[in-house]
Amino acid sequence: MCIRIILAFFIFFAQFSFSISDEDDVYTPYKLYADFGKYFTKQNCSIILDRFYYVNCYDYGLKGSKAVAYELKGDILKMGPAAKRPPFKSDMQIPLQYRTTTRDYTNSGYDRGHILSNQSMNATIQAQASTFLMSNITPQNPQINRGIWKKAEDRERALAKEEGDEQVLNLIIYPPHPHYIKNQIAVPQSYVKIIETSKTKECYEIPNQDVKDKVLKDYIVDCDAFVK
């Protein structure tokens, strides 16, 4: 029995050591881009979640995020996924009364929509798991989640691969009087994606509803309305 315990500990330690070195070798801690700073303040966020790979502005009253910022690097994206998609998990850093679960979305009519896409941050198992925290999920219209929003996510990855380092800010816009799904989770009105490289700056706003227009360029908005 003692030998089994020692062996199990050794295997666990070896796996842990590998995961940490893998994480350090691939990603570095994300430092908030100065142009995005105004969205990550104590006045705007109930809690600012530093997830190593990204920063998340979470609102207790909405039980959802208002802004998520991160950096993408083309060479890391080209590595591809480290593993299969992990399960969704509640974010234990959020107090229980404001925390959401995957069950809250069952039969809601909305997808569990990623703010930071799994495909954009999946070169290590740890990075991938961080995108499946429920604090990175909002109630998203199925049509846009699988359609025009996915095209915006594809665009951020394609641009990073073409131009190298890239800063991304996703803003989640809520109406003055939101609709709620189970557990009083507010349904966003729209999503804004801001993509900035040393050469390019693009901004898109996509409504959280069925849309007829599925061409991404038709959702371009003025970046100055959100960042200078």
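Values in this document were obtained by computation on a predicted structure and should not be read as measured data.

## Quick look at the overall build of the protein chain
Secondary structure summary: the protein chain contains five helices and 10 strands in total. Of all 228 residues assigned to the protein chain, the portion counted as buried reaches 48%. Considering only contacts in the protein chain between residues 6 or more positions apart, those separated by 24 or more positions represent 67%.

## Quick look at the nonpolar core
One finds Y27, Y54, Y70, L72, M121, I148 and I206 to be the most contacted residues of the largest nonpolar core, which totals 33 residues. Top element by residues in this core is helix α5 (residues 148–163). It accounts for five residues. Apart from residues lying up to four places away in sequence, I148 is in contact with Q143, I206, V211, K214, V215, L216 and Y219. Counting residues in each nonpolar core, the second largest holds 17 residues, with F40, L169, L171 and V227 among its members.

## Observations concerning the layout of surface pockets
Looking at the largest pocket, its volume works out to about 260 Å³. Along the walls of the largest pocket sit R85, D111, R112, G113, H114, S117, N118, Q119, N145, R146, K150 and E153, which together make up its complete lining. Contributions of two or more residues to the lining of the largest pocket are made by β4 (111–114) and α5. Considering each element in turn, the lining of the largest pocket owes the most residues, four residues, to β4. Here the lining of the largest pocket is composed, by residue class, of no nonpolar, six polar and six charged.

## Digging into the sheet that holds strand β6 (residues 166–173)
Sheet architecture is open: six strands sit in the order β1-β2-β3-β6-β9-β10, paired in antiparallel fashion. Bordering the open sheet on either side are β1 (47–50) and β10 (201–207), each of which pairs with just one other strand. On average, each strand axis in the sheet is inclined to that of its neighbour by 15°, with strand direction left out of account. Summarising the sheet, strand β9 (residues 190–196) and β10 pair through seven bridges and their orientation is antiparallel. Its bridge partner being in β10, I194 is matched across the sheet by C203. In the packing of α5 onto the sheet, contacts are made with β3 (64–72), β6, β9 and β10, and the angle to β9 comes to roughly 10°.

## What about the pattern of salt bridges?
For the structure on display, the rule yields eight salt bridges. A salt bridge links R146 to D111, with the nearest nitrogen and oxygen atoms 2.7 Å apart. Of this pair, R146 sits in the loop between α4 (142–145) and α5 while D111 sits in strand β4; the two residues are 35 residues apart in sequence, bridging distant segments of the chain. Here R146 falls in the exposed class, since its relative accessible area comes to 59%. E196 is the partner of K201 in a salt bridge, and the nearest nitrogen-oxygen pair spans 3.9 Å. The exposure class of K201 is partly exposed, given its relative accessible area of 32%. The network of salt bridges with shared partners includes K150, D154 and R157.

## What about the state of the cysteines?
Per the counting criterion, the structure on display carries two disulfides. Residue C203 pairs covalently with C223 via a disulfide, S to S 2.0 Å. The sign of the S-S torsion, about 115°, decides the handedness of the disulfide formed by C203 and C223: right-handed. Placement of C203 in strand β10 and of C223 in the segment after β10 is noted, with a sequence separation of 20 residues between them. As far as burial versus exposure is concerned, C203 and C223 are alike and both buried. Within the protein chain, bonded cysteines paired by disulfides and numbered along the sequence follow the pattern 1-2, 3-4.

Reading the values: the criteria
- Residues numbered from 1 in each chain as written.
- Predicted model: local features only at pLDDT ≥ 70, side-chain atom pairs only at ≥ 80, totals over all residues.
- Heavy atoms only, no water.
- Helix = DSSP H or I, 4+ residues; strand = E, 2+ residues; numbered from the N terminus.
- Buried < 20%, exposed > 50% of the residue type's maximum accessible area, 1.4 Å probe, protein only.
- Contact = heavy atoms within 4.5 Å.
- Core = buried A, V, L, I, M, F, W, Y, C linked by side-chain atoms within 4.5 Å.
- 1 Å grid on protein atoms, 1.4 Å probe; cavity = no way out; pocket = protein on both sides within 12 Å on 5 of 7 lines; lining within 4 Å.
- Points joined across faces, edges and corners; volume = space filled by probe spheres on them.
- Nonpolar A, V, L, I, M, F, W, Y, C, P; charged D, E, K, R; others polar.
- Pairing = 2+ DSSP bridges.
- Axes fitted to C-alpha atoms, helices over the stretch in contact; angles between N-to-C directions.
- Salt bridge = Lys/Arg side-chain N within 4 Å of Asp/Glu carboxyl O.
- Disulfide = S-S within 2.5 Å.

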